[in-house]
Amino acid sequence: MLTTLKLPAYAKLNLALDVLAKRPDGFHELSTLFERINLADTIELKLLSKDDIQCVVGQSVLPVDERNLVVKIAKRLKADFKIRQGVRIILHKHIPIAAGLAGGSSNGATVLMGLNQLWHLGLSQQQLLAYAAWLGSDVAFFIYNTPFAIGRGRGEQITPVKLQTVLYHVLVTPRVSMLTKEVFARLKLKLTNKNDNVNILLPFLRQGDIKGLSEHLSNDLEGAILSLRPDFLSLKKKLLSAGALGVCFSGSGPSVYAMAESLSHAQAIKNKFDRRYSQVFVVKTQ
Ligand code: C5P
């Protein structure tokens with residue numbers, strides 16, 4: 001009997017993020033191109049004989065109650081399937097928190113899939129996706145085992161893009177947490193003359209044209225992010241002068257990523273980069 005699992009939970013970047021409209025339910029209609037990257041947390045799941053859901057987080061200030069998506073999904077599954085067995089969820093965090101990298105969503109998706117296995121729930125892909133959409137807008141992407149995908153709706157309607165292309169980046173996450181809700185609230189929607197940035201990027205991605213891709217990265221939340229932190233513009237400029245082919249914010253920020261030609265190019269950009277920023281990672285497509 002399987003009683004423990006140790007799983008990676010990867011982060012994501014948005015290569016394009018178009019905000020199309022504000023919806024009556026308060027969310028925004030999006031079109032986005034997700035990339036899964038090799039920056040990851042590790043999650044251990046251990047079944048307990050005690051009927052209890054426990055969450056332990058190493059070196060982090062995350063809540064361990066239902067505000068944490070791993071606890072929220074475990075409680076929901078336990079109630080829905082009348083499970084009498086407890087579980088201890090141990091999070092080893094490496095992905096910066098509230099950073100536009102979907103760390104919390106990825107953790108939630110990983111626990112959802114892990115408990116499906118450990119508790120023998122037999123949930124189909126369709127059922128997993130329904131739980132994912134209930135949990136958060138960015139969760140569904142991680143249910144698909146794909147390095148790239150288009151996200152529509154709130155971001156939860158996923159079309160996988162199965163490609164072998166591997167992209168290299170330098171990722172910089174300033175030590176400031178940005179609340180997604182706050183960034184969306186500051187957004188000034190432009191509804192005319194809008195580019196379909198996802199479809200502009202896709203051919204470059206398919207052809208592995210890193211230069212073309214780098215020149216067409218875009219994020220409609222940039223104006224809202226910069227209205228909260230105008231100084232982050234200089235961060236983008238610094239990455240470009242360190243040799244980046246292109247730079248863009250991920251999600252609702254504050255993470256900024258640079259495009260590099262190769263692993264060694266990414267390392268060279270990182271080495272040239274300002275040492276004041278402590279969270280600088282070289283990452284690649286996972
Ligand atoms: O779904 P999630 O909990 O990740 O969303 C966090 C917040 O981000 C929402 O409460 C909403 O304010 C904003 N959001 C949005 N439109 C989306 C996704 C998120 O307005 N498509």
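Residues numbered from 1 in each chain as written. Predicted model: local features only at pLDDT ≥ 70, side-chain atom pairs only at ≥ 80, totals over all residues. Heavy atoms only, no water.

**Considerations on the packing of aromatic side chains**
- The full count for this structure, using the stated rule, is two aromatic pairs.
- Measuring from ring centre to ring centre gives 4.7 Å for Phe34 and Phe141, while their planes differ by 15 degrees; the resulting arrangement is stacked. Taken together, the residues Phe34 in strand S2 (residues 28–48) and Phe141 in the loop between helix H3 (125–135) and strand S5 (148–153) connect sequence positions 107 residues apart. Of the two residues, Phe34 and Phe141, neither departs from the other in class, the shared state being buried.
- We note Arg76 situated over the ring of Trp134; from NZ or CZ to the ring centre the distance is 4.6 Å.
- Of note, Arg154 hangs over the ring of Phe27, and the distance from its end group to the ring centre comes to 4.7 Å. (Phe/Tyr/Trp six-rings, centres within 6.5 Å; stacked < 30°, edge-to-face > 60°. Helix = DSSP H or I, 4+ residues; strand = E, 2+ residues; numbered from the N terminus. Buried < 20%, exposed > 50% of the residue type's maximum accessible area, 1.4 Å probe, protein only. Lys NZ or Arg CZ within 6 Å of the ring centre and 35° of its normal.)

**Quick word on the site of the ligand**
- Inspection of the region around the ligand gives Gly26, Phe27, His28, Leu30, Gly136, Ser137, Arg154, Thr180, Lys181 and Phe184 as its neighbouring residues.
- Interatomic distance of 2.7 Å between a side-chain N/O atom of His28 and an oxygen atom of the ligand.
- Within the contact set of the ligand, an oxygen atom lies 2.6 Å away from a side-chain nitrogen or oxygen of Ser137.
- Out of a free accessible area of 450 Å², the ligand has 77% covered by protein chains. (Near = heavy atom within 4 Å. Polar contact = N/O pair within 3.5 Å; in protein donor to acceptor, adjacent residues only side chain to side chain. Areas by Shrake-Rupley, 256 points an atom, 1.4 Å probe, with all protein chains shown as cover.)

**Things to note about the environment of Val57**
- Along the chain, the position of Val57 falls in strand S3 (residues 53–58).
- Judged by relative accessible area, Val57 falls into the buried class, the value being 17%.
- For the pair Val57 and Lys93, spaced 36 residues apart in sequence, the C-alpha to C-alpha distance is 7.4 Å.
- Residues within four places of Val57 in sequence aside, it is in contact with Leu62, Val64, Leu91 and Lys93. (Contact = heavy atoms within 4.5 Å.)

**Brief notes about the environment of Phe81**
- Inspection of the secondary structure assignment puts Phe81 in the loop between helix H1 (69–80) and strand S4 (86–92).
- Those residues within four positions of Phe81 in sequence are excluded, and the remaining contacts are Leu121, Leu123 and Tyr131.

**Topic: the sheet that holds strand S9 (residues 246–249)**
- Spatially, four strands are ordered S9-S10-S7-S11 in an open sheet, and the strand pairing comes out antiparallel. Strand pairing shows two members of the sheet lacking a second neighbour, S9 and strand S11 (280–284), which therefore form its edges. Across the sheet, the axes of successive neighbouring strands diverge by a mean angle of 25 degrees, strand direction being ignored.
- As paired strands, S9 and strand S10 (residues 256–260) are joined by four bridges and run antiparallel to one another. Considered in S10, the bridge of Phe249 is made with Val256.
- Packed on one face of the sheet, helix H8 (residues 232–241) meets strand S7 (168–172), S9 and S10 and runs near 155 degrees to S9. (Pairing = 2+ DSSP bridges. Axes fitted to C-alpha atoms, helices over the stretch in contact; angles between N-to-C directions.)

**Some remarks on unusual backbone geometry**
- Cis peptide bonds are those with omega within 30 degrees of zero, and the linkage from Gly253 to Pro254 qualifies with 5 degrees.
- Tracing the backbone through its elements, the reader meets Pro254 in the loop between S9 and S10.
- Backbone geometry at Ala98 places phi at a positive 50 degrees, although glycine is not the residue there.
- For Ala98, the location among the structural elements is in the loop between S4 and helix H2 (103–118).
- Here Ala98 falls in the partly exposed class, since its relative accessible area comes to 32%.

**Here we look at the environment of Glu35**
- Note on placement: Glu35 falls in strand S2.
- Residue classification places Glu35 among the buried positions, given a relative accessible area of 0%.
- Separated by 126 residues in sequence, Glu35 and Val161 place their C-alpha atoms 9.6 Å apart.

**Here we look at the pattern of salt bridges**
- Counting across every chain of the model gives 12 salt bridges.
- A salt bridge links Asp231 to Arg229, with the shortest nitrogen-to-oxygen separation between them at 2.8 Å.
- Accessibility expressed as a relative area gives 27% for Arg229, which makes it partly exposed. (Salt bridge = Lys/Arg side-chain N within 4 Å of Asp/Glu carboxyl O.)

**Details of the pairing of S9**
- Both faces of S9 are covered, namely the face carrying Gly246 and Cys248 and the face carrying Val247 and Phe249.
- In textbook terms, the turn of a hairpin is the stretch between consecutive antiparallel strands, and for S9 and S10 this stretch comprises six residues, one of which, Gly251, has a positive phi near 55 degrees.

**Quick notes on the nonpolar core**
- With 41 residues, the main nonpolar core has Leu45, Leu77, Ile89 and Leu112 as its most contacted residues.
- When residues of this core are traced back to their parent elements, those giving at least two are strand S1 (4–22), S2, S3, H1, S4, H2 and H3.
- Setting aside its immediate chain neighbours within four residues, Leu77 contacts Ile83, Leu112, Leu115, Trp119, Leu121, Leu123 and Tyr131. (Core = buried A, V, L, I, M, F, W, Y, C linked by side-chain atoms within 4.5 Å.)

**Some points on H3**
- Turning to H3, its buried residues number three or more, namely Leu128, Leu129, Tyr131, Ala132 and Leu135. Buried residues along H3 cover an arc of 160 degrees about the axis, so they all sit on one side.
- Those residues of H3 that are buried are in contact with H1 and H2. (Arc of directions from axis to C-beta.)

Without other data, these values stay purely geometric and don't point to any function.
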